[in-house]
Amino acid sequence: MVWLAVCSKGVSPIVIFDEGTIDHDRYIREVLSVALKCGNDILGTDWTFQQDSAKPHIHHLTQQRCNDNFPSFIDKDHWPSNSQDLNPLDYSIWDEIAHAANRDKIKSKNTLIIEVKRAVGKIRQQVVFESCAFWTNRLYRISQNGGEYFR
């Protein structure tokens, strides 16, 4: 599994889980600290953390950790569970990574990891900026159309 975050000002460090499964405890230990540090380093103290509805994300201990530590956080009850059209990673960034990766070099799990890391480093800032701006426009349109995504 790969974890990555984006905002209009850049891309987070990539976190790769090449062994085992990801439960809430591992997610809290290995991802949330990276997300918090990166967010604070890039954006200061005025930003909002958003995640999807993967089981480690919606676990009550994960939700509590986010509530207690992030400057602002959209909890599981206020974010749509199946919202790939509201996630820049899903509608833009993963595709950018896939196009930047050299598939001919991928012969094993190790070379896949190396190539994914290389591809993340090649994500064009303009693509990140535009996909985040598009995200903001999507949220605005949803809120203007009755906010059916939000409770």
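See above for the structure.
Everything in this summary refers to the structure shown in the same document. (Residues numbered from 1 in each chain as written. Predicted model: local features only at pLDDT ≥ 70, side-chain atom pairs only at ≥ 80, totals over all residues. Heavy atoms only, no water.)

Description of the layout of surface pockets
- There is about 820 Å³ of room inside the largest pocket.
- Lining the largest pocket are 38 residues, and of these A5, V6, F49, Q50 and L89 lie nearest its centre.
- Looking at the lining of the largest pocket, the elements that each hand over two or more residues are strand 1 (2-3), strand 2 (6-7), strand 3 (10-11), helix 1 (24-43), helix 2 (55-58), helix 4 (88-100) and helix 6 (125-144).
- Element by element, the count of residues in the lining of the largest pocket is highest for helix 1, at six residues.
- In terms of residue class, the lining of the largest pocket is built from 26 nonpolar, 10 polar and two charged. (1 Å grid on protein atoms, 1.4 Å probe; cavity = no way out; pocket = protein on both sides within 12 Å on 5 of 7 lines; lining within 4 Å. Points joined across faces, edges and corners; volume = space filled by probe spheres on them. Helix = DSSP H or I, 4+ residues; strand = E, 2+ residues; numbered from the N terminus. Nonpolar A, V, L, I, M, F, W, Y, C, P; charged D, E, K, R; others polar.)

Focus: helix 5 (residues 109-121)
- Compared with an ideal rise of 1.5 Å per residue, which puts 13 residues at 18 Å, helix 5 spans 19 Å between its outermost C-alpha atoms and is within 8% of the ideal.
- The set of residues buried in helix 5 consists of I113, E115, V116, A119 and V120.
- Buried-residue contacts for helix 5 involve strand 3, strand 4 (15-16) and helix 4. (Expected span 1.5 Å × (residues − 1). Buried < 20%, exposed > 50% of the residue type's maximum accessible area, 1.4 Å probe, protein only. Contact = heavy atoms within 4.5 Å.)

With respect to the nonpolar core
- Counting 14 residues, the largest nonpolar core has W3, Y27, L32, F49 and F70 as its most contacted members.
- Here the element with the most residues in this core is helix 1; it accounts for five residues.
- Beyond its immediate stretch of four places on either side in the chain, L32 contacts Y27, F49, T62, R65, C66 and F70.
- Counting 13 residues, the second largest nonpolar core, distinct from the first, contains L4, A100, A119 and V120. (Core = buried A, V, L, I, M, F, W, Y, C linked by side-chain atoms within 4.5 Å.)

Quick notes on the pattern of salt bridges
- For the structure shown, the criterion picks out eight salt bridges.
- Across the salt bridge formed by D25 and R29, the nearest N and O atoms sit 3.1 Å from each other. Of this pair, D25 and R29 both sit in helix 1, four residues apart, which is roughly one turn of that helix.
- Of the charged contacts in the structure, one is a salt bridge between R26 and E30, with a shortest N-O distance of 2.9 Å. Separated by four residues within a single helix, R26 and E30 lie in helix 1, roughly one turn from each other.
- The partly exposed category is assigned to E30, whose relative accessible area is 28%.
- Members of the salt-bridge network, linked through shared partners, are D25, R26, R29 and E30. (Salt bridge = Lys/Arg side-chain N within 4 Å of Asp/Glu carboxyl O.)

Quick notes on the environment of N40
- With respect to the secondary-structure elements, N40 resides in helix 1.
- The exposure class assigned to N40 is partly exposed, which follows from its relative accessible area of 31%.
- With 30 residues separating them in the primary sequence, N40 and F70 have C-alpha atoms 9.0 Å apart.
- Leave out the neighbours within four places in its chain, and N40 touches W47 and P71.

None of this, on its own, says anything about what the molecule does.
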